[in-house]
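# Tertiary structure, described
Listed below are the residues making up each chain.
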Protein chains: 2
Amino acid sequence: MEHKIKLKNTPVRNAILKIFKEASVPLDAEMVFKKISKIKDLKGTNEATIYRNLTTLEQGKVLRKIDLRKDSIHFELADLHHHHIVCTSCEKVEDFENKEIEKILSKVTKKSEKFTKVTDHSLELFGVCRECA
Amino acid sequence: MEHKIKLKNTPVRNAILKIFKEASVPLDAEMVFKKISKIKDLKGTNEATIYRNLTTLEQGKVLRKIDLRKDSIHFELADLHHHHIVCTSCEKVEDFENKEIEKILSKVTKKSEKFTKVTDHSLELFGVCRECA
DNA sequence: TTGAATGCAAATCGTTTGCATCTCA
DNA sequence: TGAGATGCAAACGATTTGCATTCAA
């Protein structure tokens, strides 16, 4: 349960990290809250604590924010950098990786006039999955 | 002032479209609201009307939602499909286009297992601009 | 005429925050 | 011990919605 940042090693925070490591899709605060609430020793955890942890972990570059064009902000582990195809009519999310895109992006980045460094990017595809089609 | 969808041709809606056509950056509801409020004949326009129009225009594929990792949802004209480099510490946004990426994306799309069609995508880069660096 | 658009105010809902208390390091 | 973490409740702010009214087609 290694942290990249100097943060206290609390039960809730560890559980949140574990949840993200086991998750196959990006999670929002409510989803994390529900999962935490199912853990025997953490049942009483307050939702504000979840929000604070997500914020802290994102600032510490452990998590990354993702916009799936849903109502809430989603997060995933920052070190697993893949992209997503999101169904606009259900909750389905498919991951994909593509090295070519990363290469092109770094070229684009260098061409920028106003920016000296680009630290992160988001790439999401939106469509309709087989089931919803 | 051609609409792609059959919507009523109201003063507020036309003004909103004009604002987007003249905008060089994505706009959120509040920005549109402020611009509308400066127009003599539309000064009294209610903010809820702006929200409703943005929603309607997005559903009608006239506008596209964009997430700039700011507090609010931004929009831009759907037919101008470029991407953005966003400063995480100020409001600066730089546009860029890249045909290669589009090509790769259409390949990726075809490989998808769960999705039959991908209709849209978002690609935003995040970094720090010269001024903020 | 009539369905869509608007104004207004209240409601929603995801998220944040102040403050007292507790816990890890 | 002291900074960070948590609980709780209240606050916030962006966005939505119900309802009566107005307007475009």
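Each remark here, short or long, concerns the structure printed above.
Attention here is on the structure that accompanies the text. (Residues numbered from 1 in each chain as written. Chains lettered and ligands numbered in written order. Predicted model: local features only at pLDDT ≥ 70, side-chain atom pairs only at ≥ 80, totals over all residues. Heavy atoms only, no water.)

### A few points about the relation of the copies chain A and chain B
Placing chain A over chain B gives an RMSD of 0.1 Å and needs a rotation angle of 180 degrees, together with 0.0 Å of translation along the axis. In short, the pair behaves as if placed about a two-fold rotation axis. Identified as the residue of chain A closest to the rotation axis by C-alpha distance is L123 of chain A, at 2.2 Å. In this assembly the copies share their binding face: 100% of the residues contributing to the interface of chain A also contribute to that of chain B. (Least-squares fit on C-alpha atoms with pLDDT ≥ 70 in both. Contact = heavy atoms within 4.5 Å.)

### What to know about the protein's contact with DNA strand D
Surrounding DNA strand D, one finds 19 residues, the nearest of these being K8, R13, T49 and N53 of chain A together with Y51 of chain B. The sugar and phosphate moieties of DNA strand D supply 54% of its atoms located within 4 Å of the protein. Contact distances for DNA strand D include 2.3 Å between a phosphate oxygen and a side-chain N or O atom of R13 of chain A. Contact distances for DNA strand D include 2.9 Å between a phosphate oxygen and a backbone N or O atom of N46 of chain A. Counting residues per element, the ones that place at least two in the surface near DNA strand D are helix 1 (11–22) and helix 3 (47–59) of chain A together with helix 3 (47–59) of chain B. Considering every element that reaches the surface near DNA strand D, the biggest residue donor is helix 3 of chain B, with four residues. For the surface near DNA strand D, the per-class residue count stands at five nonpolar, nine polar and five charged. (Near = heavy atom within 4 Å. Polar contact = N/O pair within 3.5 Å; in protein donor to acceptor, adjacent residues only side chain to side chain. Helix = DSSP H or I, 4+ residues; strand = E, 2+ residues; numbered from the N terminus. Nonpolar A, V, L, I, M, F, W, Y, C, P; charged D, E, K, R; others polar.)

### Here we look at the protein's contact with DNA strand C
Taken together, 18 residues surround DNA strand C, and among them Y51 of chain A together with K8, R13, T49 and N53 of chain B come closest. In DNA strand C, atoms within 4 Å of the protein come 57% from sugar and phosphate. Within the side chain of K8 of chain A, a nitrogen or oxygen atom sits 2.9 Å from a base oxygen of DNA strand C. Contact between DNA strand C and R52 of chain B: a base nitrogen at 3.0 Å from a side-chain N or O atom of the residue. The set of elements that each furnish at least two residues to the surface near DNA strand C consists of helix 3 of chain A together with helix 1 (11–22) and helix 3 of chain B. The greatest single-element share of the surface near DNA strand C, amounting to four residues, is contributed by helix 3 of chain B. Its residues assigned to classes, the surface near DNA strand C shows six nonpolar, seven polar and five charged.

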